[in-house]
Amino acid sequence: MKLSFGNKKENLLIGIKKNDPAAQKIFYDQNVKKFLSVARSYISDLYQAEDCVIKAFCKIFKHIESFRGEGNFDGWARRIVVNECLNFIKSHKTVFYLDDVHASVLEVITDEQIVFDFNAQELIDQLPDSYKMVFNLYVLEEYSHQEIAETLNISTAVSKTQLFRAKEKLRKIYFQQQKTLKNEFI
């Protein structure tokens, strides 16, 4: 028997709340790639990211009754994916947050030096975990520094410091790659 929910998210949500396997499969198929992309922005290893997504889907289906209909269901589910990734990182790795900011001298960069041929995920994967978590929460999930601080149990100052350092590190990695590419073509 094939269920057709069409584009009606409400009917799909009702099916999921009734633990209907067909509704769960439709929701899974519609969101697995998106959720894996979210997980990969936090976790570099594809298999570990996939594990987090699977656990997140299990939590979504198990705790569907806790969704009160306030706000967007997709946003609620995405937050579960993000939290699952953060829990994974916290349980498998030691992450240190440093409070002090040592601003580096910024290079003067001309437009001719900038080449916009890069893979953002590869750049983000090179960040230390503490930088990556704060960067992703701030840039991708649009958390405030206060929300990041509460989520990661750090101060807002540490959140701001980690974001600053993440941006600096990304900039340095990117321009180092550009120099390497430029030298290869000379």
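See the structure above.
Residues numbered from 1 in each chain as written. Predicted model: local features only at pLDDT ≥ 70, side-chain atom pairs only at ≥ 80, totals over all residues. Heavy atoms only, no water.

Asks: So what exactly am I meant to see when it comes to the overall build of the protein here?
Replies: In terms of regular secondary structure, the protein is built from eight helices and zero strands. In the protein, the succession of helices and strands from N to C terminus is α-α-α-α-α-α-α-α. Taking all 186 residues of the protein together, 38% fall into the buried category. Contacts in the protein between residues far apart in sequence, at least 24 positions, make up 68% of those at least 6 positions apart. A total accessible area of about 11800 Å² is found for the protein, and carbon and sulfur atoms account for 54% of it. (Helix = DSSP H or I, 4+ residues; strand = E, 2+ residues; numbered from the N terminus. Buried < 20%, exposed > 50% of the residue type's maximum accessible area, 1.4 Å probe, protein only. Contact = heavy atoms within 4.5 Å. Areas by Shrake-Rupley, 256 points an atom, 1.4 Å probe, with all protein chains shown as cover.)

Asks: Help me understand helix α7 (residues 145–152) in this model?
Replies: Since the α-helix packs 3.6 residues into each turn, any two residues three or four apart lie on the same face. Taken as a whole, α7 has its buried residues at H145, I148, A149 and L152. The buried residues of α7 occupy one face: seen down the axis, they fall within an arc of 100 degrees. In the segment just after α7, N153 is the residue with positive phi, at about 55 degrees. (Arc of directions from axis to C-beta.)

Asks: Can you help me understand the packing of aromatic side chains in this one?
Replies: To describe a pair of aromatic rings, you give the distance between the ring centres and the angle between the ring planes. Counted according to the given criterion, the structure contains 11 aromatic pairs. Pairing Y174 with F175 gives two aromatic rings, centres 5.0 Å apart and planes at 75 degrees, and the pair type is edge-to-face. Here Y174 matches F175 in class, with each residue buried. By way of ring pairs, the aromatic residues F27, Y28, F35, F57, F61, F67, F73 and W76 are connected into one cluster. (Phe/Tyr/Trp six-rings, centres within 6.5 Å; stacked < 30°, edge-to-face > 60°.)

Asks: Explanation requested: the environment of R40 in the structure shown.
Replies: Mapped onto the fold, R40 is located in helix α2 (residues 21–42). C-alpha of R40 to C-alpha of I124: the two residues are 84 residues apart in sequence and 9.6 Å apart in space. In this structure, R40 is in contact with D45, L46, A49, Q121 and D125, ignoring residues within four places of it in sequence. Among the polar contacts listed, one links the side chain of R40 to the side chain of D125, at a separation of 3.4 Å. (Polar contact = N/O pair within 3.5 Å; in protein donor to acceptor, adjacent residues only side chain to side chain.)

Asks: Teacher, can you tell me more about empty space enclosed by the protein here?
Replies: With the rule as written, the count across this model stands at one cavity of 30 Å³ or more. Put simply, the largest cavity is a space of about 40 Å³. Looking at the largest cavity, the residues that line it are K9, L12, L13, I16, F27, Q30, N31, F73 and D74. Elements that contribute at least two residues to the lining of the largest cavity include exactly α1 (9–17), α2 and α4 (73–92). Considering each element in turn, the lining of the largest cavity owes the most residues, four residues, to α1. (1 Å grid on protein atoms, 1.4 Å probe; cavity = no way out; pocket = protein on both sides within 12 Å on 5 of 7 lines; lining within 4 Å. Points joined across faces, edges and corners; volume = space filled by probe spheres on them.)

Asks: How do you make sense of the side chain of S130 when you look at a structure like this?
Replies: Tracing the chain through its elements places S130 in helix α6 (residues 129–140). Within the local environment of S130, its side chain forms a polar contact with the side chain of Q162, the two groups lying 3.1 Å apart.

Asks: I'm lost on the environment of K169 in this one. Help?
Replies: Examined against the element boundaries, K169 turns out to sit in helix α8 (residues 156–185). Distance from K169 to L123, taken between C-alpha atoms, is 9.3 Å for residues 46 residues apart in sequence. With residues near it in sequence (within four places) discarded, K169 still touches Q126, L127, P128 and Y131.

Asks: Is there a simple way to explain the environment of D125 in this structure?
Replies: Tracing the backbone through its elements, the reader meets D125 in helix α5 (residues 120–125). In this structure the C-alpha to C-alpha distance between D125 and I43, which are 82 residues apart in sequence, comes to 7.7 Å.

Asks: Sorry if this is basic, but what is going on with the nonpolar core here?
Replies: Across soluble globular proteins, you tend to see nonpolar side chains buried next to one another. In terms of nonpolar packing, the biggest core is built from 49 residues, with F27 and Y42 touching the most fellow members. Listed by contribution, the elements that provide at least two residues to this core are α1, α2, α3 (46–62), α4, α5, α6, α7 and α8. Ranked by the residues each element gives to this core, the list is headed by α4, at nine residues. What Y42 contacts, discounting residues up to four positions off in sequence, is V82, C85, L86, I89, K132, M133, N136, L137 and E141. (Core = buried A, V, L, I, M, F, W, Y, C linked by side-chain atoms within 4.5 Å.)

Bear in mind that shape data such as this cannot, by itself, settle questions of function.
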